[in-house]
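Inside the fold
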Amino acid sequence: QVQLVESGGGLVQAGGSLRLSCAASGRTFTSYVMGWFRQAPGKEREFVAAINGIGGSTYYAGSVKGRFTISRDNAKNTVYLQMNSLKPEDTAVYYCAADRSARVSHYVREYDYWGQGTQVTVSS
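Residues numbered from 1 in each chain as written. Predicted model: local features only at pLDDT ≥ 70, side-chain atom pairs only at ≥ 80, totals over all residues. Heavy atoms only, no water.

**Here we look at the sheet that holds strand β1 (residues 4-7)**
By way of backbone hydrogen bonds, the strands of a sheet pair with one another, either parallel or antiparallel. Read from one edge to the other, the open sheet built from four strands follows the order β1-β3-β8-β7, with strand pairing classed as antiparallel. The outermost strands of the open sheet, each flanked by one partner alone, are β1 and β7 (68-73). When strand polarity is set aside, the average angle formed by the axes of neighbouring strands in this sheet is 15°. Looking at chain direction, strand β3 (residues 18-24) and strand β8 (residues 78-83) are connected through six bridges and run antiparallel. Directly across from R19, in β8, lies its bridge partner Q82. (Pairing = 2+ DSSP bridges. Helix = DSSP H or I, 4+ residues; strand = E, 2+ residues; numbered from the N terminus. Axes fitted to C-alpha atoms, helices over the stretch in contact; angles between N-to-C directions.)

**Some thoughts on the nonpolar core**
Core analysis: the largest hydrophobic core is formed by 36 residues, its most contacted members being L4, M34, W36, L81, M83 and Y94. At the level of elements, β3, β4 (33-39), β5 (46-51), β7, β8, β9 (92-99) and β11 (118-123) are the ones that each hand at least two residues to this core. (Core = buried A, V, L, I, M, F, W, Y, C linked by side-chain atoms within 4.5 Å. Buried < 20%, exposed > 50% of the residue type's maximum accessible area, 1.4 Å probe, protein only.)

**A few points about the side chain of R67**
Tracing the backbone shows R67 in the loop between β6 (58-60) and β7. In this structure R67 comes out as buried when scored by relative accessible area, which is 11%. Among the polar contacts made by the side chain of R67, one reaches the main-chain carbonyl oxygen of S63 at a distance of 2.9 Å. (Polar contact = N/O pair within 3.5 Å; in protein donor to acceptor, adjacent residues only side chain to side chain.)

**Brief notes about the pairing of β9**
β9 sits mainly inside the fold: seven of its eight residues count as buried. Taken together, the seven bridges between β4 and β9 define a ladder with antiparallel strand orientation. From the neighbouring strand, M34 faces β9, where its bridge partner is A98. Alignment of β9 against β11, held across three bridges, turns out to be antiparallel. For Y94, the partnering residue across the bridge sits in β11 and is T118.

**A word on the side chain of S105**
For S105, the location among the structural elements is in the loop between β9 and β10 (113-114). A polar atom in the side chain of S105 sits 2.9 Å from the backbone nitrogen of Y107.

**Remarks on the packing of aromatic side chains**
Summed over the entire model, instances satisfying the criterion amount to six aromatic pairs. The interplanar angle of 75° and the centroid separation of 6.5 Å between the aromatic rings of Y95 and W114 together place this pair among those described as edge-to-face. Placement of Y95 in strand β9 and of W114 in strand β10 is noted, with a sequence separation of 19 residues between them. Take Y95: its relative accessible area is 13%, and that puts it in the buried class. For W114, a relative accessible area of 26% puts it in the partly exposed group. By way of ring pairs, the aromatic residues F37, F47, Y95, Y111 and W114 are connected into one cluster. Between R45 and the ring centre of W114, over which it is positioned, the NZ or CZ distance is 4.9 Å. Directly above the ring of Y107 sits R109, whose terminal nitrogen or CZ lies 4.3 Å from the centroid. (Phe/Tyr/Trp six-rings, centres within 6.5 Å; stacked < 30°, edge-to-face > 60°. Lys NZ or Arg CZ within 6 Å of the ring centre and 35° of its normal.)

Written out as structure tokens, the structure is:
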């Protein structure tokens with residue numbers, strides 16, 4: 001069982017930056033692929049970024065590539081999402097997720113554990 005707790009959300013103006021953090025419980029953090037997803041009001045949850053267990057491979061949705069960076073610190077059991085050049089359309093609740101399968105995926109159904117989410121609001 002893994003518990004995930006996100007932090008770092010907030011209100012920011014367009015063009016600004018935020019860094020989200022996700023702290024994970026447990027002693028097998030490196031065995032999990034970690035992902036970030038987001039869900040805007042009235043929309044389905046969508047993939048944002050993912051990173052493999054050792055942090056050597058990263059994957060991004062096209063809408064955030066070049067603006068967002070996912071990273072992890074396995075010594076701290078924490079995954080980060082650095083978000084730059086934020087746009088109003090990035091406004092959503094952002095969720096951290098963990099996947100036991102070790103195969104990086106952008107599908108919601110592949111992830112086994114989820115955090116409670118953190119709100120990101122980008123004003124124009």
